[in-house]
Amino acid sequence: MTKLKIKNIKLSRKLCYKEETNSTNDDALSCENTAEECVFLAERQIKGKGSRGRNWQSEKGDGIWMSILLFPKLSAIDIPKITLIGGMAVCTAVRNAGFEAYIKWPNDIVIGGKKVCGILTEKRGERVVIGIGINVNTKHFDSELKNKATSLFLEGGKEIKRETLISSVCSEFDLLYDILKTDGFSALSRKYAELCITVGKKIMVIQPDISYEAESVGITENGELLIVRDGKEEKLCSGEVSVRGIYGYV
Ligand code: BTN
């Protein structure tokens, strides 16, 4: 295990680093700073949070566990778009590191059909926290996860420098966030669709009370998933439904 070398991380925002914390999302949500955008990073999370109330395995030295604290001047309806650009930033940075990564709508990053990164966005008052968990140098997953989770180490066969990837994710995020603020998600939807493995696939749409098959045909200018169900077009909003491939996770 190689320890993070903080001085090698290049960021445009202030970095708040801890060796160990419960959750970098919780740190960002509860810190006293009330205006400055910064990045919270930990070597290990004890109570890493996943989506839908699940735990997020966050071992020491294995991954990137970080949260970007933002104070966006966007309406509530536009906040999910920040999550979408978080996924785009990670996907692009991971591709630039040499991997064939894709976004599984709305914001999981997958390689070879398995999840390598998850994003959990939380909002409290003026704050929006984009929590990013990337399995970087993880060598093993337990039996429950190993069919659907992977790491950059398992895909590429060698350890990856986490410092370079953190810097790259954050600089990609900065570029996309500037575009989102000035031109809106419509300026990014085509790029998102290119990165998104869900588009053009037969999928299973899962809602609390009903699941059905549909075909995913595109991404709207608002980041919704455009599907065709029983011959009719419909739009799915992230946060309200989950989707998976009809034969597996992707
Ligand atoms: C998911 O379940 O797909 C979302 C996982 C999000 C994990 C990250 S790790 C950094 C940040 N802090 C947390 O407690 N969770 C997010």
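Calculation notes
- Residues numbered from 1 in each chain as written.
- Predicted model: local features only at pLDDT ≥ 70, side-chain atom pairs only at ≥ 80, totals over all residues.
- Heavy atoms only, no water.
- Disulfide = S-S within 2.5 Å.
- Pairing = 2+ DSSP bridges.
- Helix = DSSP H or I, 4+ residues; strand = E, 2+ residues; numbered from the N terminus.
- Axes fitted to C-alpha atoms, helices over the stretch in contact; angles between N-to-C directions.
- Contact = heavy atoms within 4.5 Å.
- Phe/Tyr/Trp six-rings, centres within 6.5 Å; stacked < 30°, edge-to-face > 60°.
- Buried < 20%, exposed > 50% of the residue type's maximum accessible area, 1.4 Å probe, protein only.
- Lys NZ or Arg CZ within 6 Å of the ring centre and 35° of its normal.
- Near = heavy atom within 4 Å.
- Polar contact = N/O pair within 3.5 Å; in protein donor to acceptor, adjacent residues only side chain to side chain.
- Areas by Shrake-Rupley, 256 points an atom, 1.4 Å probe, with all protein chains shown as cover.
- 1 Å grid on protein atoms, 1.4 Å probe; cavity = no way out; pocket = protein on both sides within 12 Å on 5 of 7 lines; lining within 4 Å.
- Sits in = over half its atoms within 2 Å of the grid points.
- Nonpolar A, V, L, I, M, F, W, Y, C, P; charged D, E, K, R; others polar.
- Points joined across faces, edges and corners; volume = space filled by probe spheres on them.

## Notes on the state of the cysteines
Now for step 1: Following the criterion strictly, the structure yields zero disulfides and no others.
Now for step 2: Free cysteine C31: the closest other cysteine sulfur is in C38, separated by 5.5 Å.
Now for step 3: Just so you know, C91 is unpaired, no disulfide at all, and the nearest cysteine sulfur is the one on C196, 9.1 Å from it.

## Describing the sheet that holds strand β5 (residues 108–111)
Now for step 1: Taken in spatial order, the seven strands line up as β1-β2-β3-β7-β6-β5-β4 in an open sheet, and their pairing is mixed. If you trace the sheet from one side to the other, it starts and ends with β1 (14–21) and β4 (101–104), each paired once. Mean inter-strand twist for the sheet, computed between neighbouring axes without regard to direction, equals 20°.
Now for step 2: As paired strands, strand β2 (residues 38–45) and strand β3 (residues 63–70) are joined by five bridges and run antiparallel to one another. Bridge pairing in β3 links A42 to W65.
Now for step 3: Lying on the sheet, helix α2 (residues 79–96) is in contact with β3, β4, β5, β6 (114–124) and β7 (127–135); it crosses β4 at an angle near 165°.

## Some details on the packing of aromatic side chains
Now for step 1: One pass over the full model with this rule turns up two aromatic pairs.
Now for step 2: On the basis of an interplanar angle of 65° and a centroid distance of 6.0 Å, the ring pair of F185 and Y192 is categorised as edge-to-face. Here F185 and Y192 have matching classes, each one buried.
Now for step 3: The residue whose ring lies beneath R95 is Y102, and the NZ or CZ to ring-centre distance is 4.9 Å.
Now for step 4: Between the NZ or CZ atom of R229 and the centre of the ring of Y212, over which it lies, the distance is 3.6 Å.

## Overview of the site of the ligand
Now for step 1: Around the ligand sit 20 residues in total, of which S23, Q45, K49, S51 and K115 are the nearest.
Now for step 2: Interatomic distance of 3.2 Å between a side-chain N/O atom of T24 and a nitrogen atom of the ligand.
Now for step 3: The separation between an oxygen atom of the ligand and a polar side-chain atom of K115 is 2.6 Å.
Now for step 4: With the chains in place, 98% of the 420 Å² that the ligand exposes on its own is no longer accessible.
Now for step 5: The pocket occupied by the ligand, as judged from atoms lying within 2 Å of grid points, is the largest pocket.
Now for step 6: Put simply, the parts of the chain that give the shell around the ligand at least two residues each are α1 (24–30), β3, β6 and β7.
Now for step 7: Among the residues making up the shell around the ligand, the classes are represented as six nonpolar, eleven polar and three charged.

## So, the layout of surface pockets
The rolling of a water-molecule-sized probe over the atoms marks out the regions of remaining empty space.
Now for step 1: For the largest pocket, the calculated volume is near 1400 Å³.
Now for step 2: Lining the largest pocket are 48 residues, and of these S51, R52, R54, D108 and K115 sit closest to its centre.
Now for step 3: Of all the elements, β6 adds the most residues to the lining of the largest pocket, at five residues.
Now for step 4: Split by residue class, the lining of the largest pocket holds 17 nonpolar, 20 polar and eleven charged.

## Some points on the sheet that holds strand β10 (residues 225–229)
Now for step 1: Across the sheet, which stays open at both edges, the five strands sit in the order β11-β10-β9-β8-β12 with antiparallel pairing between neighbours. Where the open sheet ends on each side, the last strands, each with one partner, are β11 (232–236) and β12 (242–245). Neighbour to neighbour, the strand axes of the sheet diverge by 45° on average, direction disregarded.
Now for step 2: Of the pairings in the sheet, the one linking strand β9 (residues 211–219) to β10 comprises four bridges and is antiparallel in character. Looking across to β10, one finds that S216 is bridged to I227.

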